[in-house]
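# Understanding the architecture of this molecule
The lines below spell out each chain.
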Amino acid sequence: MFRLAHLTDPHVGPLPRPRLRQLLGKRATGYANWRRGRSRSHDMAVLSALVADLKAQGIDHVACTGDLCNIGLPSEWETARVFLEALGPPQAVSFVPGNHDAYVRGSLEGLLRACGDWTADDAGSAGRFPYLRRRGPLALVGLSTAIPTIPFAASGRLGPAQIAAAEALLRALATEPGRPCRVVMIHHPPHPGGAAAGRELRDAAAFTAMIARAGAELILHGHNHTTSLAHVPGPGGPVPIVGGSSASARPGAHGTAPERRAAYLIYAFEKVGDRHVITAAQRGLDGEGEVEVRDLGALSLG
């Protein structure tokens, strides 16, 4: 039995006061939003409690699907690295970036210089997508949808080259002896309709068409700050797509919807014959006011 934790959208704070020249363009609106309420919606005490609970569960590996940063300031890159170090060493944690990690041009490159070790593939090459990491029975395929966008937009894009490379990887893995369990990590909901206009993955249709051809056993994403389950066709049947809640969200804070409570997911993988059996459970906050992490029950992948 191999156990994988999925944690996403920590939006690590506190956000330092930026210099005036750093507030040109999109960062100005992002910083204003942070000051108006996002700083209270994303509670670092909640995040610390969640990480402490995760580390007490005997997890074999952690998948982190993006948005370590808030507005892509250079000072956030080292904070993000400190967070990943607290989560676990690069061998035990796999990271893919989100839209806040690429908030403006140059942000993603700076973050990957600081945190690239958590994206290193089996050959040791870091900061390139897709990447492949083999951990126990899993083949983790990390994708990047992180692109800079205009103010008030939070969309993502894979691009034809990345989709083609991911397809080649997934197809090759499917033909290996003892076929590993292919787990795709991505930030944006990768299926059409998975996010509202302006927040969507622009090439979701091309991605899901690729999965229909190549297949995968599980797809993990973040971005929507709520736990969700969807399915897309695969060559061997429906492929589950699971979205995770923000790991730092305090329910009810500054208008945050009660269902948007901090949580993470734990997956257990077992090989039965030639099939990979996957079970999922959620742990997180249960109620407003108190910072106590509890078992929130099983998630049926269907």
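The preceding data block contains the structure.
Here's what I pulled together on the structure shown here.

A few words now on the packing of aromatic side chains. Following the criterion strictly, the structure yields 2 aromatic pairs and no others. Pairing Y267 with F269 gives two aromatic rings, centres 6.5 Å apart and planes at 40 degrees, and the pair type is tilted.

What follows is about the sheet that holds strand β12 (residues 293-299). Spatial strand order, β3-β2-β1-β10-β11-β12: 6 strands in an open sheet with mixed pairing. The open sheet has two edge strands, β3 (93-95) and β12, and neither has a second partner. Strand-to-strand twist across the sheet, computed as the mean angle between neighbouring axes with direction ignored, equals 25 degrees. Sheet analysis places strand β10 (residues 263-272) next to strand β11 (residues 275-285), joined by 10 bridges and oriented antiparallel. Bridging across to β11, E270 finds its partner in V277.

Attention now goes to the pattern of salt bridges. Between side chains of opposite charge, pairing is possible as soon as their charged atoms come close. What the rule picks out here adds up to 12 salt bridges. For E85, the salt bridge is made with R81, and the minimal N-O distance between the two is 3.3 Å. A residue pair is termed a helical-turn pair when its members lie 3 or 4 positions apart in one helix, as E85 and R81 do in helix α3 (residues 74-87) at 4 residues. Given the relative accessible area of 42%, E85 is considered partly exposed. Between E217 and R182 there is a salt bridge; the shortest N-O distance is 2.9 Å. Taken together, the residues E217 in the loop between α6 (204-214) and β7 (218-221) and R182 in strand β6 (residues 181-185) connect sequence positions 35 residues apart.

Right, let's talk about the state of the cysteines for a bit. By the definition in use, this model includes 0 disulfides. Unpaired in this structure, C64 has its nearest cysteine sulfur neighbour in C115, at a distance of 9.5 Å.

The mixed open sheet is built from 6 strands, whose spatial order is β4-β5-β6-β7-β9-β8. The sheet terminates laterally at β4 (131-135) and β8 (228-232), the two strands that pair on one side only. Here the average twist between neighbouring strands, direction ignored, is 25 degrees. In this structure, β6 lies alongside β7, joined through 3 bridges in parallel fashion. Along β7, the bridge assignment pairs V184 with I219.

All right, on to the pairing of strand β2 (residues 61-64) then. Because side chains alternate across β2, one face comprises the buried residues H61 and A63, and the other comprises V62 and C64, equally buried. Relative to β2, strand β1 (residues 2-7) is paired through 4 bridges, and the arrangement is parallel. Looking at the pairing, H6 lines up with A63 of β2. Pairing between β2 and β3: 3 bridges, direction parallel. Bridge assignment links V62 to a residue of β3, and that residue is V93. For the segment spanning β2, α3 and β3, crossover handedness is right-handed.

Before going further, it helps to spend a moment on the nonpolar core. Soluble globular proteins: nonpolar side chains tend toward being buried together. Ranked by internal contacts, the top residues of the largest apolar core, which has 30 residues, are L7, F83, L84 and L87. For this core, the elements supplying multiple residues, two or more each, are β1, α2 (44-55), β2, α3, β3, α4 (107-115) and β10. When sequence neighbours within four positions are dropped, the list of residues in contact with L7 reads V51, L54, A63, C64, T65, F83, L87, A247 and Y264. Counting residues in hydrophobic clusters, the runner-up holds 24 residues, among them F129, L138, L140 and M185.

A separate point is the environment of L301. Position of L301 among the secondary structure elements: in the segment after β12. In the structure, L301 is positioned 62 residues away from V239 in sequence and 9.1 Å away in space, judged by C-alpha atoms. Residues within four places of L301 in sequence aside, it is in contact with L218, L229, H231, P240, V242, I278 and A280.

What follows deals with α6. It helps to recall that an α-helix has 3.6 residues per turn; residues three or four apart then point in one direction. Three or more residues of α6 are buried, namely A204, F207, T208, M210, I211 and A214. Looking straight down α6, one finds its buried side chains confined to an arc of 155 degrees; they lie on one side. Contact partners of the buried residues in α6: α5 (160-174), β6, β7, β8 and β9 (239-243). Just downstream of α6 lies G215, where phi reads positive at about 80 degrees.

Calculation criteria
Residues numbered from 1 in each chain as written. Predicted model: local features only at pLDDT ≥ 70, side-chain atom pairs only at ≥ 80, totals over all residues. Heavy atoms only, no water. Phe/Tyr/Trp six-rings, centres within 6.5 Å; stacked < 30°, edge-to-face > 60°. Pairing = 2+ DSSP bridges. Helix = DSSP H or I, 4+ residues; strand = E, 2+ residues; numbered from the N terminus. Axes fitted to C-alpha atoms, helices over the stretch in contact; angles between N-to-C directions. Salt bridge = Lys/Arg side-chain N within 4 Å of Asp/Glu carboxyl O. Buried < 20%, exposed > 50% of the residue type's maximum accessible area, 1.4 Å probe, protein only. Disulfide = S-S within 2.5 Å. Right-handed = clockwise from strand over helix to strand, strands pointing away. Core = buried A, V, L, I, M, F, W, Y, C linked by side-chain atoms within 4.5 Å. Contact = heavy atoms within 4.5 Å. Arc of directions from axis to C-beta.

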